[in-house]
Amino acid sequence: MGVSLFTKDKTNVCKGIGILFLLFHHLFRKPEIILNNNIEFNFISIEKINIIATALRVCVWIFAFLSAYGLAYKYKRSSKEDRHWFVPRQWLNLMKPFWFIYLFAVCVYIISGHNIVAKYSGNFLYAVFDFFAVADFFGTTKLLGVFWYMFFAQLVVIALPVIYKFCEKFGYLSILFSFIFMFFLKYGISTLNGGPYLEYLIVVVTGVVFVQKDVMNRLSMRKSKAPFKLFMFILFLCIAAGAMYLREMVIPDDTMHLRGVCSAVAAASICISFGVYLNIRFITIPLSFLGKYSGGMFIIHSMLYSMVPRIVYITSNPALVYLILIAESLLITMAVFVVKKYIRYDKLFELISKGICKIPVFFFGKQA
């Protein structure tokens, strides 16, 4: 199958830029957040900061693209036998870190003086739905707004084999067909936190097609000199910036999901820029390090600024507030990783995953 040049480190670089976008987006997307926390911007208006922060919500499409790409890559390399249990195994891999952080978030919520019973309206079933990240499906309360993404990610895992077969049949046309599907279906599952889930379909399909057509590796294999790589890096960043400008400033009405299309173009372009053409180590190394912990930071940063904002908004300087949130969410995520390793949390789920794989052998015997 060849050697992958779009390696895990390259993927982490893209995740690193995605998590930086996400934190900026959540800190500065609304004027009331800035004003209520006494943040002062001296060289740019709050309105322009809000526009930039809102545009950086493209981070969600970056994570969706990378998730679909990673799942499709694993599916492509799986044997026919392994594919039968691909969905439950990947679902478990997705949920096991979430469950640990969810329990941690519940503890922080209670310790910080909030009433967890009131949060779930005294209904234990609401907590169960939140634990399995399906609250959006049932329209019930979420402890944190970012939990919506976990339900979306589960849908991607469940639908991946079908999407993979569809893309295998139609190739690049799958991207066009997914847009047509989005147009006719209009909406579907939607959340105040993430918007219509359908908006992310086209970027998921793009991620799968990129794996099947080996786009990222083929671009990475092209031998070119540093000036050309710099030019391509800037070119794809300009494409991303143009797509985000169209999304925020030109397309006010989204009945055709064009804003989702713009975000998909921007996300793929950013991943090509940073994952293929950026080779400056003093930039890629810290981004890759952040990307390694981005999954935990995705949830923990939201927990910090919403549950214990007094430890985040400790200054009026926006740059310092941003750096504080990055540092705090990173350090706490790293600590969570250490605790999980110490209690052998992942080992338990490895045993469960192996047990799942043995189920068909137990019932039907080993296939010849």
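Here, the structure is the one placed above.
Note that the coordinates shown come from a computational prediction; the quantities given were computed from them, not determined experimentally. (Residues numbered from 1 in each chain as written. Predicted model: local features only at pLDDT ≥ 70, side-chain atom pairs only at ≥ 80, totals over all residues. Heavy atoms only, no water.)

**Q** What am I meant to see in the overall build of the protein here?
**A** The number of helices and strands found in the protein is 19 helices and 2 strands. Here the C-alpha radius of gyration of the protein, 21 Å, is about what a compact globule of 368 residues would show, namely 21 Å. Structurally, the protein occupies a C-alpha span of about 70 × 55 × 45 Å along its principal axes. Here the protein holds 368 residues, and the buried ones make up 50% of them. Partitioning the intrachain contacts of the protein with sequence separation of at least 6 by distance along the chain shows that 75% fall at a separation of at least 24. (Helix = DSSP H or I, 4+ residues; strand = E, 2+ residues; numbered from the N terminus. Rg over C-alpha atoms; globule rule 2.2 N^0.38 Å. Buried < 20%, exposed > 50% of the residue type's maximum accessible area, 1.4 Å probe, protein only. Contact = heavy atoms within 4.5 Å.)

**Q** Explanation requested: a nonpolar patch on the surface in the structure shown.
**A** Taken together, the side chains of F166, F170, L173, L176, F177, I180 and F184 make up a nonpolar region of the molecular surface, amounting to roughly 620 Å² of accessible area. Among the elements that line the nonpolar patch, the one with the most residues is helix 11 (residues 173-185), at 5 residues. For F177, a relative accessible area of 31% translates into the label partly exposed. (Patch = residues over 30% accessible without salt bridge, like charges linked within 9 Å, V, L, I, M, F, W, Y side chains within 5 Å. Areas by Shrake-Rupley, 256 points an atom, 1.4 Å probe, with all protein chains shown as cover. Salt bridge = Lys/Arg side-chain N within 4 Å of Asp/Glu carboxyl O.)

**Q** So what exactly am I meant to see when it comes to helix 1 (residues 8-28) here?
**A** Owing to its 3.6 residues per turn, the α-helix aligns residues three or four sequence positions apart on the same side. With 21 residues, helix 1 extends 30 Å from end C-alpha to end C-alpha; this agrees with the ideal 30 Å at 1.5 Å per step. With 18 of its 21 residues buried, helix 1 lies for the most part within the structure. (Expected span 1.5 Å × (residues − 1).)

**Q** Please explain a positive patch on the surface as it appears in this structure.
**A** Judged by side-chain charge, K8, K74, K292 and K341 come together as a positively charged surface patch. Tracing the chain through its elements places K341 in helix 18 (residues 318-342). For K341, a relative accessible area of 71% translates into the label exposed. (Lys, Arg positive; Asp, Glu negative; His and termini not counted. Charge placed at Lys NZ, Arg CZ, Asp CG, Glu CD.)

**Q** Where do I start with the packing of helix 12 (residues 201-212) against helix 15 (residues 258-277) in this structure?
**A** Two packed helices can be described by the angle between their axes and the distance between those axes. The contact between helix 12 and helix 15 brings their axes to 9 Å, and the two run at 35 degrees. The two elements helix 12 and helix 15 meet at a crossing, and its hand is right-handed. On the side of helix 12, the interface is formed by I202, V203 and F210, while helix 15 contributes G260, V261, A264, A267 and I272. (Axes fitted to C-alpha atoms, helices over the stretch in contact; angles between N-to-C directions. Left-handed = near helix turned anticlockwise from the far one by under 90°.)

**Q** What is the right way to look at the pattern of salt bridges in this model?
**A** Close approach of charged atoms lets side chains of opposite charge pair. In this structure the tally under the stated criterion is 3 salt bridges. The shortest N-O distance in the salt bridge between E248 and R247 comes to 3.0 Å. According to the relative accessible area criterion, R247 is buried, its value standing at 7%. The salt bridge partner of R259 is E248, with a shortest N-O separation of 3.9 Å.

**Q** Help me out: how do you make sense of the packing of helix 6 (residues 86-111) against helix 17 (residues 294-307) in this one?
**A** Contact geometry of helix 6 with helix 17 gives a least axis separation of 11 Å together with a crossing angle of 10 degrees. Judged on the interaxial angle alone, helix 17 and helix 6 are roughly parallel. Side by side, helix 6 and helix 17 meet where F98, I101, F104, A105, V108 and Y109 of the first sit next to G296, I299, I300, M303 and M307 of the second. Partitioned by chemical class, the residues of the contact of helix 6 with helix 17 number 10 nonpolar, 1 polar and no charged. (Parallel < 35°, antiparallel > 145°, perpendicular 65-115°, else oblique. Nonpolar A, V, L, I, M, F, W, Y, C, P; charged D, E, K, R; others polar.)

**Q** For this particular structure, what's the right way to read the nonpolar core?
**A** Soluble, globular proteins show a tendency: their nonpolar side chains are buried together. If you look at the biggest cluster of nonpolar residues, it comprises 126 residues, and the most contacted ones within it are F28, F98, L143, Y149, F152, V203 and F274. Take this core: its biggest share by element is 14 residues, from helix 4 (residues 58-77). The contacts of L143, once residues within four sequence positions are left out, are Y102, A105, V106, Y109, I116, K119, Y120, D130 and M307. (Core = buried A, V, L, I, M, F, W, Y, C linked by side-chain atoms within 4.5 Å.)

**Q** Looking at this structure, I do not really get the layout of surface pockets. What am I missing?
**A** Think of a ball as big as a water molecule: rolled over the atoms, this probe shows where empty space is left. Counted as a void, the largest pocket has a volume near 1600 Å³. Along the wall of the largest pocket there are 39 residues; nearest its centre are K15, S67, K74, N93 and G295. If you list the elements that add at least two residues to the lining of the largest pocket, you get helix 1, helix 4, helix 6, helix 10 (148-170), helix 16 (281-292), helix 17 and helix 18. It is helix 4 that provides the largest number of residues to the lining of the largest pocket, a total of 8 residues. Each residue belonging to the lining of the largest pocket can be placed in one class, and the counts come to 20 nonpolar, 12 polar and 7 charged. Taken as a whole, the second largest pocket spans an internal volume of roughly 680 Å³. Lining the second largest pocket are 33 residues; nearest its centre among them are H26, R29, G145, N193 and Y305. Mapped by element, the contributors of at least two residues to the lining of the second largest pocket are helix 1, helix 4, helix 14 (226-250) and helix 17. Element by element, the count of residues in the lining of the second largest pocket is highest for helix 17, at 5 residues. (1 Å grid on protein atoms, 1.4 Å probe; cavity = no way out; pocket = protein on both sides within 12 Å on 5 of 7 lines; lining within 4 Å. Points joined across faces, edges and corners; volume = space filled by probe spheres on them.)

**Q** Would you mind going over the environment of I17 with me for this structure?
**A** In this structure, I17 sits in helix 1. Classification of I17 by relative accessible area gives buried; the value is 10%. Distance from I17 to N115, taken between C-alpha atoms, is 35 Å for residues 98 residues apart in sequence. Ignoring any residue separated from it by four or fewer positions in sequence, one finds I17 in contact with I270, F274 and L287.

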